[in-house]
Amino acid sequence: MRESTGARSRLRAHFLANLGRVMNADELREVAGGISEWARRVRELRTEEGYLILTHNDRSDLKPGEYLLETAKPEPAFSRNISKETRAFVLDRNGFTCQQCGAVAGEPHPYDPTRKTRLHIGHVIDKSMGGSDDASNLRALCSVCNEGARNLTLDRPSAQKLLIQVRRATASDQREVLRWLRSKFPTD
Ligand SMILES: [Zn+2]
């Protein structure tokens, strides 16, 4: 047990020190101290710690046995806490299609054809805004849109664009927007 956590932290440090560089199995096995379990430790970094370590399943320009960590920021813990059953239910309900851009799981991504579309589960209403982990508040999002959703530097929509969207919305959604605006600007 002690051995394995040591190997995992050595691998974690190595990935973080080599962001953006493709690494092969020999290199990672050596970093892990030559243990045969090195691949499982890499998987744990992904599934338990949320590091987005990419393989040939994620990117067609990676060969089998090649690994790449592009970003030091792990996926937030809450998105990893959603059960396998809920995850499967939401993906199936959404037809294994990104609910933002329409990319289909396993197919080349429309915005970046070198990447195979991998779907994540995202919150409709963010956890920080009181959204729940219930399936009704979850949707399928591809990695590209999921990264965008966390990117706070996204351009703000103009009033004109917002009005176009609001005019197209259902009356009940329009009322919800009105309620939200009233609570935000009570004196206007
Ligand atoms: Zn997408």
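Here, every reference points to the structure presented above.
All figures in this text were calculated on a predicted structure; none of them were measured in a lab.

Asker: It is not clear to me how the overall build of the protein should be interpreted in this structure. Could you clarify?
Answerer: In terms of regular secondary structure, the protein is built from eight helices and seven strands. In terms of overall size, the protein is more extended than a compact globule, its C-alpha atoms giving a radius of gyration of 20 Å where 188 residues would be expected to give roughly 16 Å. Referenced to the eigenvectors of the C-alpha coordinate spread, the extents of the protein come out at roughly 65 × 35 × 30 Å. By sequence separation, contacts in the protein at least 24 residues apart represent 51% of the contacts at least 6 residues apart. Surface exposure of the protein reaches about 12300 Å², of which carbon and sulfur atoms provide 53%. Charge centroids of the protein, computed over 31 positive and 25 negative side chains, lie 4 Å from each other.

Asker: So what exactly am I meant to see when it comes to the pattern of salt bridges here?
Answerer: Across all of its chains, the model carries eight salt bridges by this definition. Taking the shortest distance from any N to any O, the salt bridge between Glu44 and Arg8 comes out at 3.2 Å. Note that Glu44 is positioned in helix α3 (residues 38-47) and Arg8 in helix α1 (residues 2-17), a separation of 36 residues in sequence. Judged by its relative accessible area of 16%, Arg8 is buried. Glu44 is the salt-bridge partner of Arg41, the closest N and O atoms lying 2.9 Å from each other. Placement of the pair is Arg41 and Glu44 together in helix α3, with a separation of three residues, close to one helical turn. Three or more residues are tied together by salt bridges with common partners; here these are Arg8, Arg12, Arg41, Glu44 and Glu49.

Asker: Quick question: what am I supposed to make of the packing of aromatic side chains here?
Answerer: What describes a pair of aromatic rings is the distance from one ring centre to the other and the angle between the planes of the rings. What the rule picks out here adds up to one aromatic pair. Between Trp38 and Tyr67, the aromatic rings sit 5.8 Å apart at their centres with planes inclined by 80 degrees, giving edge-to-face as the arrangement. One end of the pair, Trp38, is in helix α3; the other, Tyr67, is in strand β3 (residues 66-69), and 29 residues separate them in sequence. A single burial state applies to Trp38 and to Tyr67, both of which are buried.

Asker: Could you clarify how one ought to interpret a nonpolar patch on the surface in this entry?
Answerer: A surface patch of nonpolar side chains, amounting to about 370 Å² of accessible area, comprises Val177, Trp180, Leu181 and Phe185. Position of Trp180 relative to the elements: it lies in helix α8 (residues 171-184).

Asker: Would you mind going over the pairing of strand β6 (residues 119-123) with me for this structure?
Answerer: Along a regular strand, successive side chains alternate from one face of the sheet to the other. For β6, a buried count of five out of five residues is recorded, marking the element as mostly surrounded by other parts of the structure. Summarising the sheet, β6 and strand β7 (residues 138-142) pair through five bridges and their orientation is antiparallel. Bridge assignment links His123 to a residue of β7, and that residue is Leu138.

Asker: How should the coordination of the zinc ion be read in this particular structure?
Answerer: Protein-derived ligands of the zinc ion are Cys98 (SG), Cys101 (SG), Cys142 (SG) and Cys145 (SG), with the metal-ligand distances lying across 2.3 Å. Classification of the site at the zinc ion rests on its four donor atoms, whose angles at the metal span 106 to 112 degrees, yielding the label tetrahedral. Expressed as a motif, the donor residue spacing for the zinc ion is C-x2-C-x40-C-x2-C. In this pair, Cys98 sits in the loop between α5 (84-93) and β4 (108-109) while Cys142 sits in strand β7, placing the two residues 44 residues apart along the sequence. Using a relative accessible area of 3% as the deciding quantity, one classes Cys98 as buried. On the basis of relative accessible area, Cys142 is assigned to the buried category, the value being 0%.

Rules used in this analysis
- Residues numbered from 1 in each chain as written.
- Predicted model: local features only at pLDDT ≥ 70, side-chain atom pairs only at ≥ 80, totals over all residues.
- Heavy atoms only, no water.
- Helix = DSSP H or I, 4+ residues; strand = E, 2+ residues; numbered from the N terminus.
- Rg over C-alpha atoms; globule rule 2.2 N^0.38 Å.
- Contact = heavy atoms within 4.5 Å.
- Areas by Shrake-Rupley, 256 points an atom, 1.4 Å probe, with all protein chains shown as cover.
- Lys, Arg positive; Asp, Glu negative; His and termini not counted.
- Charge placed at Lys NZ, Arg CZ, Asp CG, Glu CD.
- Salt bridge = Lys/Arg side-chain N within 4 Å of Asp/Glu carboxyl O.
- Buried < 20%, exposed > 50% of the residue type's maximum accessible area, 1.4 Å probe, protein only.
- Phe/Tyr/Trp six-rings, centres within 6.5 Å; stacked < 30°, edge-to-face > 60°.
- Patch = residues over 30% accessible without salt bridge, like charges linked within 9 Å, V, L, I, M, F, W, Y side chains within 5 Å.
- Pairing = 2+ DSSP bridges.
- Donors = N, O, S within 2.8 Å, 3.2 Å for Na, K, Ca; no water.
- Tetrahedral: all angles 85-135°; square planar, octahedral: opposite > 155°, others 65-115°.

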